[in-house]
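Listed below, chain by chain, are the residues.
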Amino acid sequence: MVSLMFHFGWTWIGLVISNDDQGIQFLSDLREEMQRHAICLAFVNMIPETMQIFKTRVKIYDQQLMTSSAKVVIIYGEMNSNLELSFRRWAYLGAQRIWITTSQWDVITHKKDFSLDFSHGTVTFAHHHNDIAIFRNFMETINTSMYPVDISQSMLQWNHFNCSISKNKKKMDCFTFSNPLEWLTQHTFDMVLSEEGYNLYNAVYAVAHTYHELIFQQIESQEMAKPKGLFTDCQQVASLLKTRVFTIPVGELVNMNHKENQCAKYDIFIIWNFPQGLGLKVKIGSYFPCLPQSQQLHICEDWEWVTGETLVPSSVCSETCTAGFRKSHQKQTADCCFDCVQCQENEIANDTDMEQCVRCPDDSYANLEQSKCLQRAVTFLAYENPLAMALGCMALSFSAITTLVLVTFVKYRDTPIVKANNCILSYILLISLTFCFLCSLLFIEHPNQATCILKQTTFAIFFTVAISTVLAKTITVVTAFKLTTPGRRIRRMMIKGAINLLIPICTLIQLVLCAIWLVTSPPFIDRDTQSEHGKIIIICNKGSVIAFHFVLGYLGSLALGSFTVAFLARNIPDRFNEANFLTFSMLVFYSVWITFLPVYHSTRGKGMVIVEVFSILASNAGLLGCIFVQKCYVLLVRPDLNVLQK
C-alpha cells in the first residue's frame, strides 16, 4: 500500500482500522513503512468493536473524515463489523475519497450510481491468481435444467457472496433462465473469482491431492481392505495437507506450507461503478516483494482508457514547493505539512520540495525565478561609461585650466597682485591642484594593486600639499600685516621663508599616516557582487577604514586651521588681501567633503568611485575658483587695478 502511495505522490493519508490486536499491529507496521517514504497520517480512526462505544463516537469519526484534507483513506479490518457500518455511512454522507483496502471489501463497493472518477474509486489489493478459463466457460454455458438438483439456491448464495445482486430482483425464479447471458445481464455476476472463491477453489484441489496421496499410500501398503482408515484418520490427513505442493489446472503452483510461501504476488484493482450496480474490477498494476525495490511495483499505463483521464488526484497536506522556494515546516504539525518560503537573495532551489536553498558562488547570481545560478559579468568604472567619460574630461579640463593659471602667474610674477599674495606659495598651490585633478584619473579604468595603492596615497599627499599651502598663505597674510605695525618685536622673529617650512612638515605628517596605512592594512582589489544584479564590479577596497578616515580627518583639521586663520584676517584693509577668498574656499572645501561622507557610505560599487572622483574635482575646482578667479580677472581684464597704489 505504501509503495502505491509513493508512486502516485500521496503523502497525506487517512487511516480507518478496527480497534483490535490485528488493527493495532497493522497501524504499527504501516507507520514504520510510511516513515521510510516520508508519508504522513492525517488522522487515525480506530473503530471500536462494541456498538455502545461506537455510537458515542460515530460523529467524531464522521467529522474527522469529512473535514480532513486527505483524499486517500486506508481501510483495514474485518467485514460485518462497525468498521463496515462506518464505511457505508460515509458513502451515504457523500464522502468522495480514494479508498485503499483489501479484496474482501469488494463486495460493498458496488453501487448503482454511475462513477468512473478516479478521485473517489476503491483500490484493492488481492493475492495474484490466474484466470480460471474453465470456470468462465462453465458459467457461460450453464443450464440449470440439466441438473437433477436445483442449484438456483446455491447460485443465489454465491452471487450474494461474490458480487452483490441487483436489488430490483427479489424472486428466486430469476435463476431459472436457460440462457446464461440473460441471467448474467439481470444479475451483475463477476466472472473473476473473488479472493475467498479462489482460496476455496485451491482448497478443493488441495484436499483432493491429499486424499489421492493417502489412497495411493494405502494401496501400496495393502491396507485398502481396512475401509475405516481412509476417512477416520484426520490427523494423518492434516499432516499430509500441510505438505502439499501441487499445480492447479490453470498452471499455478500452490504450496500449502505458509512458511515457505513468503513471496506472495499481489494484483491491484480499481472498481468502477456502472449503472444498475455493476461493479467492474479493472486491474491497474501488481506488486511482487521478491523483486528489487525499484521493480516491485508495476502500474499499468493502459488502464486510463476507462475514463480517458491521465490526471491522478493529489492527496498532500501542503502543495509542492516549486523551484525557487524552500520548505518551512510548521511547529507541532506533521513533517508533510509545511509552508513554501522564497529563497533569499542570491540563493536558489533548483528542485521541488527542497529543504534548504543553496547559495550561488560569488562569481554567479540567481536568476529571477531563483531556480539556477548564472555567470556574472565582470565590470568596473570604465571610460565606456558616459559618466566616467564626463568625469575624465572634467579632470583633464580643470588640470589644463590650472596649468594656464600657473603660466599666467609666472608671466605676471613681477606685478603687485602676484607679489602681494606670495607668488611662491601660489605656484606650489597651483601645481598641487594640477596633480590633484590628474590623480582622479587613477580611479577610472580597470583597477590593479598598484593603482589601488597609488590613487589613495597620491590623493592624500597632493591634497595635503594644497591645504597646507592655503594654510601657509593665510598665516602669511596675517603675519605680514602684524609685522607692519611699528614697535612689534615679532619683526625680529620673522625669518624670510620660515613659513614655507609649514608645507613639508604637514606633508611629512601625512606621509607617516599613509605609511602606517600601507603597512597595517593597505588597499587591495575587491569584487562587489551586491551592487548590481548579475555583475561583478572590480573595485579597490580601502583596507583599513580607520586609516582612511584618519587621512581624511587630518585633511579636515588642516582645512579647519586654514579657515580659522583666514576668517580672523578677513577684515584687514587692503585691496590685494586674499583672506576673504581663502575663507570662502575653505567653506567650499568643507561643504564638499562633509557632503561626501554620508553619500559615500550610502552608495555601493561604481557609485562609490563616482562620488569620490566628483568630490575630488569639486573641492579642487572650489579652491581654484575661489582663490584665483579674482586675480586672473585683474591680471587679464583689469590691468589698471594691478598697481602698487591700489
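Residues numbered from 1 in each chain as written. Predicted model: local features only at pLDDT ≥ 70, side-chain atom pairs only at ≥ 80, totals over all residues. Heavy atoms only, no water.

## Here's the deal with the overall build of the protein
Heads up, the rule is: A helix here means a DSSP run of H or I that spans at least four residues, while a strand means a run of E at least two residues long, and both kinds are numbered starting from the N terminus. In what follows, a contact means two residues having at least one pair of non-hydrogen atoms within 4.5 Å. Surface accessibility in these figures is a Shrake-Rupley result with a 1.4 Å probe; residues are shielded only by whichever protein chains are displayed.
Of regular secondary structure, the protein possesses 19 helices and 19 strands. In the protein, the share of contacts with a sequence separation of at least 24, taken over all contacts with a separation of at least 6, comes to 67%. By element, 60% of the accessible surface of the protein is carried by carbon and sulfur atoms, the whole surface being about 34,900 Å².

## So, the UniProt feature "transmembrane region" (unreviewed entry) in the protein
Applied cut-off: UniProt positions are given in the numbering used here, feature names are shortened, and annotations may be inferred rather than shown by experiment.
Feature annotation in UniProt assigns "transmembrane region" (unreviewed entry) to the following positions: residues 387–412, 424–444, 459–481, 501–525, 545–569, 581–601 and 607–629. Taken end to end, residues 581–601 comprises 100% helix and 0% strand; its first and last C-alpha atoms sit 31 Å apart. For residues 607–629, helix accounts for 100% and strand for 0%, while the C-alpha atoms at its two ends are 31 Å apart.

## Overview of the state of the cysteines
To keep things clear, this is the line we draw: Cysteine sulfurs are considered disulfide-paired once they come within 2.5 Å of each other.
Per the counting criterion, the structure on display carries six disulfides. A sulfur-sulfur separation of 2.0 Å characterises the disulfide bridge that pairs Cys 321 with Cys 340. One quick way to see it: the torsion about the S-S bond of Cys 321 and Cys 340 is about -95 degrees, and its sign makes the bridge left-handed. Taken together, the residues span a long stretch of sequence, with Cys 321 in the loop between strand 10 (297–299) and strand 11 (325–329) and Cys 340 in strand 12 (residues 338–342) at a distance of 19 residues.

## With respect to the packing of aromatic side chains
Spelled out, the test is: Here a Phe, Tyr or Trp ring, Trp counted by its six-membered ring, pairs with any other such ring whose centre lies within 6.5 Å, and the pair is stacked when the planes are under 30 degrees apart, edge-to-face when over 60, and tilted otherwise. Accessible area is worked out with a 1.4 Å probe on protein chains only. A residue is then buried under 20% of its type maximum, exposed over 50%, and partly exposed in between. Two conditions define a charge sitting above a ring: the NZ of Lys or the CZ of Arg must be within 6 Å of the ring centre, and it must be within 35 degrees of the ring normal.
What the rule picks out here adds up to 11 aromatic pairs. Ring geometry for Trp 90 versus Trp 99: centroids 6.3 Å apart, planes at 0 degrees, classification stacked. A relative accessible area of 4% means that Trp 99 is categorised as buried. Both rings, one in Phe 435 and one in Phe 462, keep their centres 4.9 Å apart while their planes meet at 10 degrees; by these two values the pair is stacked. Remark: Phe 462 occurs in helix 14 (residues 449–483) and Phe 435 occurs in helix 13 (residues 423–439); sequence separation between them is 27 residues. For Phe 462, a relative accessible area of 24% puts it in the partly exposed group. Three or more aromatic residues joined by ring pairs form one cluster here, namely Phe 87, Trp 90 and Trp 99. Taking NZ or CZ as reference, Lys 327 lies 4.8 Å from the ring centre of Phe 338, over its face.

## With respect to unusual backbone geometry
Notably, Asp 353 is not glycine yet its phi reads approximately 55 degrees, a positive angle. Considering the arrangement of structural elements, one finds Asp 353 in the loop between strand 13 (347–348) and strand 14 (358–359).

## Observations concerning the pattern of salt bridges
Proximity of charged atoms lets side chains of opposite charge pair with each other. To keep things clear, this is the line we draw: The salt bridge definition used is simple: a Lys or Arg side-chain nitrogen within 4 Å of an Asp or Glu carboxyl oxygen.
Per the stated rule, a full pass over the model turns up seven salt bridges. Note that Asp 62 is salt-bridged to Arg 89, the shortest N-O span being 2.4 Å. With Asp 62 in helix 3 (residues 51–67) and Arg 89 in helix 4 (residues 82–92), this residue pair connects regions lying 27 residues apart in the sequence. Assessed through its relative accessible area of 8%, Asp 62 is described here as buried. Accessibility expressed as a relative area gives 35% for Arg 89, which makes it partly exposed.

## Side note on the pairing of strand 18 (residues 524–528)
To keep things clear, this is the line we draw: Here a strand pair is declared whenever DSSP counts at least two bridges between the two strands.
Inspection of the sheet shows strand 18 paired to strand 19 (residues 535–541) by five bridges, in the antiparallel sense. Bridge pairing in strand 19 links Arg 527 to Ile 538. The hairpin formed by strand 18 and strand 19 contains six residues between the paired strands, and Gly 534 there has a positive phi angle of roughly 80 degrees.

## Brief notes about a nonpolar patch on the surface
Basically, it comes down to this: Like-charged residues are merged into a patch within 9 Å and nonpolar side chains (Val, Leu, Ile, Met, Phe, Trp, Tyr) within 5 Å, provided each residue has over 30% relative accessible area and no salt bridge.
A grouping of Leu 396, Ile 431, Phe 435 and Leu 438 is seen on the molecular surface, where their side chains present a nonpolar patch of about 330 Å² in accessible area. Sorting elements by how many residues they give to the nonpolar patch places helix 13 first, with three residues. The topology assignment puts Ile 431 in helix 13. Ile 431 gets classed as partly exposed once you look at its relative accessible area, which sits at 38%.

## With respect to the nonpolar core
Keep this limit in mind: The criterion is simple. A nonpolar core is a set of buried Ala, Val, Leu, Ile, Met, Phe, Trp, Tyr and Cys residues joined through side-chain atoms within 4.5 Å.
Core analysis: the biggest nonpolar cluster contains 59 residues, and Phe 409, Phe 463, Trp 593 and Phe 628 have the highest contact counts within it. Looking at this core, the elements that each hand over two or more residues are helix 11 (386–411), helix 12 (416–420), helix 13, helix 14, helix 16 (502–520), helix 17 (545–568), helix 18 (579–602) and helix 19 (606–636). Sort the elements by how many residues they give to this core and helix 19 lands first, with 13 residues. Each residue touching Phe 628, except ones within four places of it in the same chain, is listed here: Val 405, Phe 409, Ser 426, Leu 429, Leu 430, Leu 433 and Leu 623.

## Concerning helix 11
Heads up, the rule is: Given a helix with a known number of residues, its expected span is that number minus one, times 1.5 Å. For the purposes of these results, a polar contact is taken to be a pair of N or O atoms within 3.5 Å, where, inside protein, one atom must be able to donate a hydrogen and its partner to accept one; residues adjacent in sequence count only when each atom of the pair is a side-chain atom.
An ideal rise of 1.5 Å per residue puts 38 Å on 26 residues; helix 11 measures up with 37 Å between its terminal C-alpha atoms. Turning to helix 11, its buried residues are Ala 388, Leu 391, Gly 392, Ala 395, Ser 399, Thr 402, Val 405, Leu 406, Thr 408 and Phe 409. The secondary structure elements touched by the buried residues of helix 11 are helix 12, helix 13 and helix 19. The N-terminus of helix 11 is capped by Asn 385, whose side-chain oxygen sits 2.9 Å from the backbone nitrogen of Leu 387.

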